[in-house]
Amino acid sequence: MSPVNVVVGVTGGIAAYKAVGVIRSLVLAGHDVHVVATEAALRFVGKPTLEAISRNVVNTDLYEGVAEVRHVAIGQAADLIIVAPATANTIAKLAAGIADDLLGNTILASRAPIVIAPAMHTEMWQNPATVANVAVLRSRGITIIGPATGQLTGADSGPGRLEEPERIVAEALAVLRPKDFAGRRVLVSAGGTREPLDPVRYIGNRSSGKQGVALATAAAARGAVVTLIGANLEVAVPSSVTLIAVSSTLELAEATTRESAEAQLVIMAAAVADYRPEDVQPTKIKKDQQGERMTLELVRNPDVLATLAATRRAGQVIVGFAAETESDPTALLELGRAKIARKGSDYLVLNTVGWTEGFATEENTVVVVDRAGAIVMEASGSKASVADRILDVLA
Ligand code: CTP
C-alpha cells in the first residue's frame, strides 16, 4: 500500500514498550509515523527511543507548538490513528470526548479512522465501566484490536495483554483498504501437506504457507469472508480469517471440497502432495525389519484443484498455483500453460521455487496466466504486496 501518515498514540501502561514494535513496523513499511505520547507513557518508555524509531519529533505537551496550532494540526494531517497501548483511563477519556492532553485533542480534531489496542489487567478490562466505554467506542466505528489473553505484568494471566505489534499494524492498516471484496466468500488453501508413514514420520514439503496466508489476510482486509484451509502452517493467521487446520492431502481434500460449496472464489495456494504412502504403519517403522534399503509404496492422491475446477458452479472462480523449479521464464510459462490446460482452473499463479527461492522466503515473484495461457499479471515483491496484486486481478 502507498505510504500514509499514521499518528501513534502511546499511553501510560507497562505495555508502552511494545509501542516501539508497532512504530518500527510501520516505519519499515514506509509509513510516516508521528508519535503523540501522554506524560504517563514517557514514564514507561523514553522519548529518545520513540523519536529514533519513529524518525520524527515526539509530541506530548499541549502547550508546545501553539503557534502552529499543533493540538489540531497533528490530527488533521493523519490518515490513521493507532492508540497502542490504550489504558483503561485513555479509553474512558475517549468515550467521553475529553481533550485534556495533546492525544485527546489530536483524536478529537481528526477525521481519520481510529484503531485502539487496549492493554490492562483483566479486572480493569472486565470492569463494567470499561466494558461500557469500549462499547461506546465501537458504536462510533472505532476499531478495537485485542486485547490478547495471556500472561500479564504480574503473576496473573487473562484477557488484557496488548496484542502483538505485527498484528496491531496489519489489522490497523487493513482499516484503510478499499473493500472491493465486501460480502464475497473466499476459500484459500495454504501450507504443505504431510503424508504420514507411521505415528512419528511423514513425507512433506517445504511450503511455509506464507503466500497463501498473505492472500487470505489481504482478501479479509478487502472485505471478503475468508476461510483458510491451513496445512501445517509456519505463520500466524489473523483473527479476521477463519482457519481450518489440516495435515494430509486427504484431510485437505475433504475440507476444501466441503468449504468450497459456499465460496465464490477458491485459491489453491497449498503445496499438495501428489502421492501418499499406501499403508500407514500403526507403530514406528524399525530399521531392523528393513535392512540396508527400504522401499516405500506410494499411491496417487486426488487432484483437488482439478476436481474443484471440473465441478465448479456457474460464476465460481478457481485459482491454482504452480511452484516449479524451472528458472527460465519462457520454459516456466510453457509449464504453466500446460498445467492450467490440464487442471482447468480459471487462473494459474506461477512461481519459481528452489533450494533458496520461493519457500519460506519473505519475497515472491509470480506470473499469472489465464485459461487461454495469456499472461494477465506479473508481480514481484513482498508476499503481502504480491497477494494484493493477485487479488486485483480477481476483484
Ligand atoms: N494440487 C491439488 N491436488 C494435488 C496436487 C496439486 O489440488 N493432488 C493443486 C495445488 O494446490 C496447486 C496446483 O494443483 O494449486 C498445482 O500444483 P503442482 O504441485 O504444481 O501441480 P501438480 O498437478 O502436482 O503437477 P506436477 O507436480 O506434476 O508439476
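From a predicted model like this one, the values you see are computed outputs, not experimental measurements.

Asks: Quick one: what's the story with the domain arrangement of the chain, residue by residue and with numbers?
Replies: How big an interface is tends to be expressed through the accessible area that disappears when the partners come together. With domains assigned, the chain is organised as domain 1 (5-174) and domain 2 (185-394). For domain 1 versus domain 2, the separation of C-alpha centres amounts to 38 Å.

Asks: Which residues make up the site of the ligand, and what are the values?
Replies: In the region of the ligand, 16 residues are neighbours, and Met268, Leu305, Phe321, Lys339 and Lys343 sit closest. Interatomic distance of 2.8 Å between a backbone N/O atom of Ala270 and an oxygen atom of the ligand. Here an oxygen atom of the ligand and a side-chain polar atom of Asp274 are 2.8 Å apart. Considering the ligand on its own, with 570 Å² of exposed area, one finds that the protein chains cover 79% of that surface. Sorting the residues of the shell around the ligand by element identifies helix H11 (304-310), strand S16 (317-324) and helix H12 (329-343) as the ones contributing at least two each. Split into classes, the residues belonging to the shell around the ligand amount to ten nonpolar, one polar and five charged.

Asks: Go over a nonpolar patch on the surface, please, and point to the residues and values.
Replies: A contiguous nonpolar surface patch, about 350 Å² in accessible area, is contributed by Tyr275, Met294, Leu296 and Leu298. If you trace the backbone, Leu296 turns up in the loop between strand S14 (275-277) and strand S15 (298-300).

Asks: Talk me through the sheet that holds strand S3 (residues 80-86); I want residue IDs and the actual numbers.
Replies: What links the strands of a sheet is backbone hydrogen bonding, and the strands pair in either a parallel or an antiparallel sense. With parallel pairing, the five strands of this open sheet are ordered in space as S2-S1-S3-S4-S5. The open sheet is flanked by strand S2 (32-37) and strand S5 (143-144), the only strands paired with a single partner. As defined by bridge partners, strand S1 (residues 5-10) adjoins S2 across six bridges and the pair is classed as parallel. Counted as the bridge partner of Gly9 is Val36 from S2.

Asks: How would you summarise the side chain of Thr122 if you had to cite specific residues and measurements?
Replies: Counting through the fold element by element, Thr122 comes out in helix H6 (residues 122-126). Taking relative accessible area as the criterion, Thr122 reaches 12% and is therefore assigned buried. With sequence-adjacent residues up to four places away left out, Thr122 is seen in contact with Leu152, Ser157, Gly158 and Pro159.

Asks: An account of the packing of aromatic side chains is requested, with residue identities and associated values reported.
Replies: Following the criterion strictly, the structure yields zero aromatic pairs and no others. Taking the ring centre of Phe181 as reference, the NZ or CZ of Arg184 above it sits at 4.6 Å.

Asks: Outline the pattern of salt bridges, supporting the account with residue identities and numerical values.
Replies: As a working rule, side chains carrying opposite charge can pair if their charged atoms are close by. Inspection of the entire model under this criterion finds 19 salt bridges. Its salt-bridge partner being Asp180, residue Arg222 comes within 2.7 Å of it at the nearest N-O pair. Highlighted residues: Arg222 in the loop between helix H9 (210-221) and strand S11 (225-231) and Asp180 in the loop between helix H8 (165-174) and strand S8 (185-191), separated in sequence by 42 residues. Several salt bridges converge on common partners, so that one network encompasses Arg177, Asp180, Arg222, Asp388 and Asp392.

Asks: Residue-level account of the packing of helix H1 (residues 16-28) against H8, with values.
Replies: Direction vectors running N to C along H1 and H8 enclose 50 degrees, while the axes themselves pass 8 Å from each other. Judged on the interaxial angle alone, H8 and H1 are oblique. For the element pair H1 and H8, the recorded crossing hand is right-handed. From H1, Lys18, Gly21, Val22, Ser25 and Leu26 reach across to H8, where they touch Pro165, Glu166, Ile168, Val169 and Leu173. Classifying every residue of the contact of H1 with H8 by side-chain character gives six nonpolar, two polar and two charged.

Asks: Which residues make up the nonpolar core, and what values do they have?
Replies: Among the nonpolar cores identified, the biggest contains 32 residues, and Val10, Ile23, Leu26, Val35, Leu50, Ile82 and Ile168 are the most heavily contacted of them. The element contributing the most residues to this core is H1, with seven residues. Leave out the neighbours within four places in its chain, and Leu26 touches Val6, Val8, His31, Val33, Ile82, Val169 and Leu173. By size, the runner-up hydrophobic cluster in this structure holds 31 residues, among which are Val188, Val213, Val241 and Ala269.

What counts, and at which threshold
Residues numbered from 1 in each chain as written. Predicted model: local features only at pLDDT ≥ 70, side-chain atom pairs only at ≥ 80, totals over all residues. Heavy atoms only, no water. Domains from an automatic or database assignment. Near = heavy atom within 4 Å. Polar contact = N/O pair within 3.5 Å; in protein donor to acceptor, adjacent residues only side chain to side chain. Areas by Shrake-Rupley, 256 points an atom, 1.4 Å probe, with all protein chains shown as cover. Helix = DSSP H or I, 4+ residues; strand = E, 2+ residues; numbered from the N terminus. Nonpolar A, V, L, I, M, F, W, Y, C, P; charged D, E, K, R; others polar. Patch = residues over 30% accessible without salt bridge, like charges linked within 9 Å, V, L, I, M, F, W, Y side chains within 5 Å. Salt bridge = Lys/Arg side-chain N within 4 Å of Asp/Glu carboxyl O. Pairing = 2+ DSSP bridges. Buried < 20%, exposed > 50% of the residue type's maximum accessible area, 1.4 Å probe, protein only. Contact = heavy atoms within 4.5 Å. Phe/Tyr/Trp six-rings, centres within 6.5 Å; stacked < 30°, edge-to-face > 60°. Lys NZ or Arg CZ within 6 Å of the ring centre and 35° of its normal. Axes fitted to C-alpha atoms, helices over the stretch in contact; angles between N-to-C directions. Parallel < 35°, antiparallel > 145°, perpendicular 65-115°, else oblique. Left-handed = near helix turned anticlockwise from the far one by under 90°. Core = buried A, V, L, I, M, F, W, Y, C linked by side-chain atoms within 4.5 Å.

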